[in-house]
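Inside the fold
Here are the chains, one letter per residue:
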Amino acid sequence: MIDRSKITQLIEDELTEDQFIVEIDVTPSNQIQVTLDGENGITIDHCVQISRLVEGSLDREEEDFELQVSSSGLGQPLKIRRQFVKNLNQEMEVVLKTGEKLEGILKTVDQDGFELESTKRERIEGHKKKQLITRVHRIAFDEAKTVKNIIKF
């Protein structure tokens, strides 16, 4: 089986300071899936460059493999802390492992989790109309099932 750490080291040496690896997955059948991201995104040309680097460093005669290098898509869930930092002050949809769904602005990120500020109309005792209420939800990374950007046009 192809060594994941060897691929990781090859790619990390090639990335700039504002670029990072989101995920490297190597299946038992040697399908290699590399997902990259960056503070300013990743270009197709850079994905091609990384793909050629990895392909040129592995020997197909020794072990056959399938390689796919891509950037983390806009609609894809956030997976690592650095992606959360990149998306500060963006509108997000969070699905908790309990099934609860929250929408709001990603306000802070630390080592353990993040804060999401949501605004919602709720009925308050003593008022005839629903009032706009802002809440800050503290969510640990392991409590979130998925966290995605909300895309509006």
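One structure accompanies this document, and this report is about it. What you see is a predicted model, and the numbers here were worked out from it, not measured in a lab.

The rules we used
Residues numbered from 1 in each chain as written. Predicted model: local features only at pLDDT ≥ 70, side-chain atom pairs only at ≥ 80, totals over all residues. Heavy atoms only, no water. Core = buried A, V, L, I, M, F, W, Y, C linked by side-chain atoms within 4.5 Å. Buried < 20%, exposed > 50% of the residue type's maximum accessible area, 1.4 Å probe, protein only. Helix = DSSP H or I, 4+ residues; strand = E, 2+ residues; numbered from the N terminus. Pairing = 2+ DSSP bridges. Axes fitted to C-alpha atoms, helices over the stretch in contact; angles between N-to-C directions. Contact = heavy atoms within 4.5 Å. Phe/Tyr/Trp six-rings, centres within 6.5 Å; stacked < 30°, edge-to-face > 60°. Lys NZ or Arg CZ within 6 Å of the ring centre and 35° of its normal. Arc of directions from axis to C-beta.

**A short note on the nonpolar core**
Counting residues in each nonpolar core, the largest one holds 18 residues, and the members touching the most others are I7, I11, I32, V34 and L36. At the level of secondary structure, the elements contributing two or more residues to this core comprise α1 (4–14), β1 (19–26), β2 (31–38), α2 (44–57) and β3 (66–71). Grouped together as the second largest cluster of nonpolar side chains are 13 residues, L78, F84, L96 and V147 included.

**Considerations on the sheet that holds β3**
Strand order in the open sheet formed by three strands is β1-β2-β3, with mixed pairing between adjacent strands. In this open sheet, the two strands that pair with only one neighbour each are β1 and β3. The sheet shows a mean angle of 15° between the axes of neighbouring strands, direction not considered. Contacts from α1 reach β1 and β2 within the one sheet, and its direction differs from that of β1 by about 160°. Against the sheet, α2 makes contact with β1, β2 and β3, and its axis sits at roughly 155° relative to β3, the strand it touches most.

**Focus: the packing of aromatic side chains**
Inspection of every chain in the model, using the stated rule, returns three aromatic pairs. With a centroid separation of 5.0 Å and 65° between ring planes, the pair formed by F84 and F141 is classed as edge-to-face. Highlighted residues: F84 in helix α3 (residues 81–86) and F141 in the loop between β7 (131–140) and β8 (144–149), separated in sequence by 57 residues. Classification of F84 by relative accessible area gives buried; the value is 4%. On the numbers, 6.0 Å between centres and 40° between planes, the contact of F114 with F141 is tilted. Of this pair, F114 sits in strand β6 (residues 113–122) while F141 sits in the loop between β7 and β8, and the two are 27 residues apart along the sequence. Take F141: its relative accessible area is 24%, and that puts it in the partly exposed class. An aromatic cluster is defined as three or more aromatic residues linked by ring pairs; in this entry it consists of F84, F114 and F141. We note R60 situated over the ring of F65; from NZ or CZ to the ring centre the distance is 4.1 Å.

**Comments concerning the side chain of S51**
Within the secondary structure, S51 is located in helix α2. Setting aside anything within four residues of it in sequence, one finds S51 in contact with L67 and V69.

**Details of unusual backbone geometry**
Within the chain, N30 stands out as a residue other than glycine whose phi angle is a positive 65°. Structurally, N30 can be placed in the loop between β1 and β2. Positioned with a positive phi, N89 is a non-glycine residue whose angle comes to about 65°. Along the chain, N89 falls in the loop between α3 and β4 (91–96). For N89, a relative accessible area of 52% translates into the label exposed.

**Considerations on α1**
What sets the pattern is the α-helix's 3.6 residues per turn: residues three or four places apart point alike. Every buried residue of α1 is listed here: I7, T8 and I11. Along α1, the residues classed as buried sweep out an arc of 100° about the axis, all on the same side. Check the buried side of α1 and you find it contacts β1, β2 and α2.

Any functional reading would require information beyond the geometric quantities listed.
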